Amino acid sequence: MKRELRLFSIFVLFVSLTIAQDFKISGTVLDGNEAPLVFASVLLQTEDSVLIKGTATDEKGFFQLDNIAQGNYLLAASFIENRSEILPLSLTGDTDIGSLIILENAQALDEVVVAYKKPTIEQKVDRLVFNIENTALSDSDIWNVLKRTPGVVVIKDELTIKGSSNIGIMINGRLVNIPQSDIINLLSGSSAGNVEAIEVITNPPAKYSAEGGLLIDIKMKKNLIAGYNGSLYNRYTQGVFPKHTVGTDHFFKGKRTDFSINYSFRNAKTISRFTDITNFFEDSTVDEVWSAEQSAVTRRKQHNVSAFLDFELNDKNTISLSTINTLTPSVNRFYDSETVITDTNGTLISSFDTTNDSDYDLYNTSIYLDWAHRLDKKGAEIAFNTHYTNYEYDRGQLLNTDFFDADGTLTGENDFTTQSGQLTGLFSIQLDYSTPVGKSSELEAGLRYAAINSDNTISQEGFDRNQPGINPTETGVFSYDEDISAAYISFNSGWNNWEIKMGLRAEYTETIGLLDTEEVATENNYLEFFPSFSLRHTLNTKHSFGLNYYRRITRPRYNRLNPFQYFQTNNSVVEGNPNLLPSTRNYISLGYTFDKAYNLEFFFGERKNQYLQQVFQDNDSNLLRFISTNLGLSRSYGADFSLNKEITDFWNTFFLVSYFYEINEFTDLGSGAQLNNDVWTGHIRTTNSFTFLSDKSLFADLTFTYFSPTVNGNSRQDSYNQLGFALRKTIWNKNASISLEVEDIFNQGNLFNTRRYLNQDNTSSFRPENRLLILGFRYKFGNTRIRDNKKRKRVDERNRI
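Everything numeric here is computed off the predicted structure, so don't read it as measured data.

## Re the overall build of the protein chain
When its secondary structure is counted, the protein chain shows 5 helices and 46 strands. Looking at the 801 residues of the protein chain, the share that counts as buried comes to 55%. Split by element, the accessible area of the protein chain, about 33,700 Å² in all, is 55% carbon and sulfur.

See the structure below:
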């Protein structure tokens, strides 16, 4: 502990001695008679035409752009269909540019705003930015875009980045606090037409919670200049069953007010198929083979509503109110399983059929309140944020099993009902302070407190078997409370050709879990430190180098902590674990970039107590147990090579190959033995994006991914691949668009897992609806000519329900 405190003191002293400053640009916009223009649009771009910031003039034609870093820029103003000349700026301090003159028959600003082309992929010091505007993907849903985002891997509907599956999903900087499965449903029902970019934050700054490994921030479009615009969209998906999404987006900006609201409704029917084959042992010899063919059909109706309001009280104070909501009032999941039991020669012994009919509903509401106060010192700011999430989940389940002998004669029945629920409340409050120190550096510090309460209930009736290792709770309440107190300090700087970001975060956690049928609670209190460091050096226009390091923590999800057993079929059960430990991860990488297009990165990662839901076969009970457990020490090391290049003015290509060694230590449930599962593995991804026609109104994307065999705890997974195609055409003067997509064209995205060691011998095949035909339509209305202008914000929360 003393060592960590000394390191922390040295860090604070270092950053306090170091030196940052942003500047402002001001001026007036006049017409040809030198009269002021009210609500004229003023846009600032980089020299390579990337839009940085925009504003509107006041009643005197005055404008001001704040917090602009030193550098070279292009400035232009527009009013209705006319624009000023483009003014080059070399910004080294606060600058008054005088007047921008807009003449009546000048070229329309629309030409300036829309003509610029942002890089499809931007590599920054601590993140990768995937810009999807003006691509075929912008008419897709957000989940589909994530599956195609460089650096993001989706396996069995689980996101992973750089070997970490503990990913926080944020929308405009606000983390969505719902379970992983519900995040998929939220993003599948949300249009990507409202998305500006996907930011994959590979080394999150110290101001964000140390929870999880990495972050994905979905940056939504907002107006930068005054006006209103909106859109309506319709998206139809055909797999085995149809799925349908409709929605609408609305944006408004006034002189001091920004407001947006987004709504979508999704009605979907999906099917997933499974095959489980288990060789059960008796006296160290395989005695029986249980083969189960299963299908799960889910019908879902879901509403997604989000709203963002920013109000500038005065020149120094801004207040923001945001809400993200998922309302799912009706979900039915019908699970059908046919299990055949044979001896090792294939002779039929018996069989049983199970149906599991469950209905559930869930409601998730998150509210965020932000206040930012600009201090007298230029560039200095103090910010306050508070957040509350309420999550409610209720599920009823009826499980029926019929048993048959070898002749197919009914020999018995077993009916079983379960009623379960989860009610979780999350509250957090955070205070941040940032100040420039010198001309190119910034110091940030802050405090945060978070409180979580989760109550899980269960009531089960009808279970009439008495098997070793099976103890279903007839009725119970499991309560879990967690308090986290945190403090951080960070330092960002840039000088000459160097850019650095470093931070240190400390978090003290207190947890207590109590099952009402037990007298002793499970408690865990701990203090952890989380350093982070990112360094980037641009040697010249051709060569740059980067170094990244971070330490993060992943605390168990609340529904994995409850000790209840939930039966899926007559011989498979899902179990929580109140003794799960938090997992920590250290990661370091060294990268080289050539010509801003070719990237080579070497990396090493080490995880302690990683927790997974693993499958163990209970040979005494002839049962498959899906149990949440901690692994031992897991390591991975290897290299990534990527290419992101404009081949022609209409063809962009991205190619990534990753090759690395992965080893997982796990504990055998029966013997307690410590075992290793390791493999050299990797994956390949390539995306080719095309823009066709003279007016650049036709977009196409072709994506291919390949994953080689890998390991996951006690399981080994076979290779698989997917090929997808997307086409998008803008129509009606680019006010509308139609799109066509085909996912997994050859249906090669199915997963096959094996677990073979000691007395474990079983396989699982997972076959969801991979091959999908998707048709989309979007219509934009209002002041559509400023539809591509943007604004960014940030906040922080977690996703552990």
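That shown, we press on.
## What to know about the sheet that holds strand E10 (residues 127-131)
Pairing is mixed in the open sheet, where 6 strands are placed in the order E9-E10-E15-E16-E13-E14. Bordering the open sheet on either side are strand E9 (121-123) and strand E14 (174-175), each of which pairs with just one other strand. Pairing analysis gives 3 bridges linking E9 to E10, with the strands arranged antiparallel. Bridging from a neighbouring strand, Glu-122 pairs with Val-129 of E10.

## Some remarks on the packing of aromatic side chains
Evaluation of the coordinates by the stated rule reveals 28 aromatic pairs. With 5.3 Å between their ring centres and 45° between their planes, Tyr-360 and Tyr-393 make a pair best called tilted. With Tyr-360 in strand E22 (residues 348-374) and Tyr-393 in strand E23 (residues 381-405), this pair connects stretches of sequence that are 33 residues apart. By the burial criterion, Tyr-360 is buried, and Tyr-393 matches it. Clustering of aromatic rings is evident, with ring pairs tying together Tyr-228, Trp-732, Phe-777, Tyr-779 and Phe-781.

## Digging into unusual backbone geometry
With a phi close to 65°, Lys-734 is a non-glycine residue in the positive phi region. In the Ramachandran plot, Asn-747 falls in the positive-phi region, its phi being about 55° despite a non-glycine side chain. The topology assignment puts Asn-747 in the loop between strand E43 (736-743) and strand E44 (751-757).

## Some details on the side chain of Arg-448
Within the element layout of this structure, Arg-448 appears in strand E25 (residues 441-461). Of note is the side chain of Arg-448, whose polar atom sits 3.4 Å from the side chain of Gln-430.

## What to know about the nonpolar core
The nonpolar side chains of a soluble globular protein tend to be buried, and buried together. Ranked by size, the top nonpolar core spans 38 residues in total, and within it Ile-169, Leu-187, Ile-216 and Ile-218 carry the most contacts. Mapped by element, the contributors of at least two residues to this core are E10, helix H3 (142-148), strand E12 (158-161), strand E13 (167-171), helix H4 (180-188), strand E15 (195-201), strand E16 (214-220) and strand E37 (651-667). If sequence neighbours within four positions are ignored, Ile-216 has contacts with Leu-146, Val-152, Leu-159, Ile-161, Ile-167, Gly-168, Ile-169, Met-170, Ile-198 and Glu-199.

## Comments concerning a negative patch on the surface
There is a patch of like negative charges on the surface, built from Glu-338, Asp-353, Asp-402, Glu-413 and Asp-415. Position of Asp-353 relative to the elements: it lies in strand E22. A relative accessible area of 31% means that Asp-353 is categorised as partly exposed.

## Observations regarding a nonpolar patch on the surface
A surface patch of nonpolar side chains, amounting to about 960 Å² of accessible area, comprises Tyr-228, Phe-252, Phe-259, Ile-261, Leu-309, Phe-311, Leu-313, Ile-319, Leu-321, Ile-367, Leu-369 and Trp-371. Contributing elements (two or more residues each) for the nonpolar patch: strand E19 (257-282), strand E20 (285-312), strand E21 (317-342) and E22. Broken down by element, the residue count for the nonpolar patch peaks at 3 residues, all from E22. The topology assignment puts Ile-319 in strand E21. Look at Ile-319 and you get partly exposed, because its relative accessible area is 32%.

## What about the sheet that holds strand E4 (residues 62-68)?
Strand order in the open sheet made by the 3 strands is E4-E1-E8, with mixed pairing throughout. Whereas interior strands pair on both sides, the edge strands pair on one side only; in this sheet they are E4 and strand E8 (95-102). The sheet shows a mean angle of 25° between the axes of neighbouring strands, direction not considered. Looking at chain direction, strand E1 (residues 23-31) and E4 are connected through 5 bridges and run antiparallel. Residue pairing in the sheet places Phe-23 in a bridge with Ile-68 of E4.

## Quick look at the pairing of strand E33 (residues 598-608)
A one-sided burial pattern is seen for E33, the buried positions being Asn-599, Glu-601, Phe-603, Gly-605 and Arg-607 and the unburied ones Tyr-598, Leu-600, Phe-602, Phe-604, Glu-606 and Lys-608. Pairing between strand E32 (residues 583-594) and E33: 11 bridges, direction antiparallel. Residue Thr-593 lies in a different strand from E33, and its bridge partner there is Asn-599. Between E32 and E33, which follow one another and run antiparallel, lie 3 residues, and Asp-595 among them has a positive phi close to 55°. Sheet analysis places E33 next to strand E36 (residues 633-648), joined by 11 bridges and oriented antiparallel. Residue Arg-607 lies in a different strand from E36, and its bridge partner there is Ser-634.

## Notes on the confidence of the model for the protein chain
Within the protein chain, residue pLDDT values average 84, and 87% of them lie at 70 or more. Note on residues 1-20: pLDDT is under 50 here. Beyond four places in sequence and across chains, it has 34 contacts. Predicted confidence for residues 784-800 stays below pLDDT 50, and this span has 105 contacts to residues more than four positions away or in other chains.

## Topic: the pairing of strand E38 (residues 674-692)
The pairing of E37 with E38 spans 17 bridges and is classified as antiparallel. The residue bridging Ser-658 from the neighbouring strand is His-683, located in E38. In this structure, the hairpin formed by E37 and E38 is closed by a connection of 6 residues, where Gly-672 is found at a positive phi of approximately 80°. Note: E38 against strand E39 (residues 698-707), 10 bridges, orientation antiparallel. Bridge pairing in E39 places Arg-685 opposite Thr-705. Where E38 hands over to E39, the hairpin turn is made up of 5 residues, of which Leu-693 adopts a positive phi near 75°.

## What to know about the pattern of salt bridges
Evaluated as defined, the whole model comprises 20 salt bridges. We note a salt bridge from Glu-211 to Arg-555, for which the minimum N-O separation is 3.3 Å. Of the two residues, Glu-211 sits in the loop between E15 and E16 while Arg-555 sits in the loop between strand E29 (543-554) and helix H5 (558-561), which places them 344 residues apart along the sequence. Glu-211 gets classed as buried once you look at its relative accessible area, which sits at 7%. Take Arg-555: its relative accessible area is 1%, and that puts it in the buried class. A salt bridge links Arg-778 to Asp-249; the nearest nitrogen and oxygen atoms lie 3.5 Å apart.

How each quantity is defined
- Residues numbered from 1 in each chain as written.
- Predicted model: local features only at pLDDT ≥ 70, side-chain atom pairs only at ≥ 80, totals over all residues.
- Heavy atoms only, no water.
- Helix = DSSP H or I, 4+ residues; strand = E, 2+ residues; numbered from the N terminus.
- Buried < 20%, exposed > 50% of the residue type's maximum accessible area, 1.4 Å probe, protein only.
- Areas by Shrake-Rupley, 256 points an atom, 1.4 Å probe, with all protein chains shown as cover.
- Pairing = 2+ DSSP bridges.
- Phe/Tyr/Trp six-rings, centres within 6.5 Å; stacked < 30°, edge-to-face > 60°.
- Polar contact = N/O pair within 3.5 Å; in protein donor to acceptor, adjacent residues only side chain to side chain.
- Core = buried A, V, L, I, M, F, W, Y, C linked by side-chain atoms within 4.5 Å.
- Contact = heavy atoms within 4.5 Å.
- Patch = residues over 30% accessible without salt bridge, like charges linked within 9 Å, V, L, I, M, F, W, Y side chains within 5 Å.
- Salt bridge = Lys/Arg side-chain N within 4 Å of Asp/Glu carboxyl O.
- Lys, Arg positive; Asp, Glu negative; His and termini not counted.
- Charge placed at Lys NZ, Arg CZ, Asp CG, Glu CD.
- Axes fitted to C-alpha atoms, helices over the stretch in contact; angles between N-to-C directions.
- pLDDT = per-residue confidence, 0-100.

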